[in-house]
Amino acid sequence: MKLIGLISPNLSENTLVDVYKILPEGIRIEGRALNVGKYTDDEFHRAEQAFSDLVRDLAQRPLDFLMVTGELFLSYKGPGSDRQILDLVKKITPVPASTVLTAVVRACQALGLKRVVMATPFPEDQDERLVRFLAHDGIEVVAFRGLGCPNSEVIWNLSPETGYDLTTALLREHPDVDGVYMPCNKWRIVSVVDRIENESNKPVVTNTQAWVWEALQAMGIKNPIMGYGRLLNNIY
């Protein structure tokens with residue numbers, strides 16, 4: 001049995017359903033929530049103040065890996081802030097760790113994605129932060145479009161088709177990009193990733209898919225996982 005510690009904004013058992021669809025048998029999640037009520041700097045700062053205590057709490061468990069998700073929480077302090085988060089984690093626990101944005105960058109690099117379109121459920125100001133974050137790590141967002149959702153509760157109620165429709169529209173307008181990035185683990189889109197890839201012949205990187213890929217690699221689990229996109233078809 002492998003145990004992954006997961007720190008994520010507004011984590012619940014419901015949001016882990018898609019994760020367990022993807023994870024191989026014999027892996028369990030021990031989660032802690034940062035409880036971000038709305039997408040404002042005040043809320044992200046409050047979550048940041050609680051972060052260290054959550055890491056210390058999880059570090060008491062026999063973790064094999066620790067993952068920090070929440071793109072907006074990670075990016076609100078600017079490009080490169082994921083490194084700051086990981087430096088803090090290293091001071092608390094020796095458990096191998098990563099963040100979802102670190103995983104997204106590594107996933108894009110593994111798939112050869114240098115120019116992407118970004119489809120999101122977020123407001124435009126939050127999308128712009130993600131664009132700057134990715135640019136800092138050499139990934140150009142050629143175009144982006146969001147649904148303007150103010151919080152994760154609204155996002156959770158979106159259908160997977162909203163992700164499919166938004167992404168395919170962007171790809172029609174920008175057919176020359178290398179692929180697609182779709183953030184937010186509250187956006188229940190894992191079921192449409194294969195469909196988008198098969199129809200567009202473009203790789204797709206999503207939040208859940210990227211951090212699962214990162215965790216499996218770190219734990220030495222390299223069996224391909226089919227049905228959830230090219231990234232998980234090839235565990236490097």
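See the structure shown above.
Here the structure is a predicted model, which means the values were calculated and not measured. (Residues numbered from 1 in each chain as written. Predicted model: local features only at pLDDT ≥ 70, side-chain atom pairs only at ≥ 80, totals over all residues. Heavy atoms only, no water.)

A word on the environment of Arg-172
- Looking at the secondary structure, you find Arg-172 in helix α8 (residues 160-173).
- Sequence separation between Arg-172 and Val-68 is 104 residues, and the spatial gap between their C-alpha atoms is 33 Å. (Helix = DSSP H or I, 4+ residues; strand = E, 2+ residues; numbered from the N terminus.)

A word on unusual backbone geometry
- At Asn-35, a residue that is not glycine, the phi angle is positive and equals roughly 55°.
- Structurally, Asn-35 is set in the loop between β2 (27-33) and α2 (41-59).
- When its relative accessible area of 46% is taken as the criterion, Asn-35 is described as partly exposed.
- Notably, Asn-201 is not glycine yet its phi reads approximately 60°, a positive angle. (Buried < 20%, exposed > 50% of the residue type's maximum accessible area, 1.4 Å probe, protein only.)

What to know about the side chain of Thr-69
- Relative to the assigned elements, Thr-69 resides in the loop between β3 (65-68) and α3 (71-75).
- Its relative accessible area of 0% is what places Thr-69 among the buried residues.
- For Thr-69, the side chain forms a polar contact with the side chain of Ser-8, separated by 2.7 Å.
- Apart from residues lying up to four places away in sequence, Thr-69 is in contact with Leu-6, Ile-7, Ser-8, Pro-9, Leu-74, Val-100, Asn-185, Asn-207 and Trp-211. (Polar contact = N/O pair within 3.5 Å; in protein donor to acceptor, adjacent residues only side chain to side chain. Contact = heavy atoms within 4.5 Å.)

Examining helix α6 (residues 124-136)
- The end-to-end C-alpha separation of α6 is 19 Å, in line with the 18 Å expected for 13 residues at 1.5 Å each.
- Listed in full, the buried residues belonging to α6 are Gln-126, Asp-127, Arg-129, Leu-130, Val-131, Phe-133 and Leu-134. (Expected span 1.5 Å × (residues − 1).)

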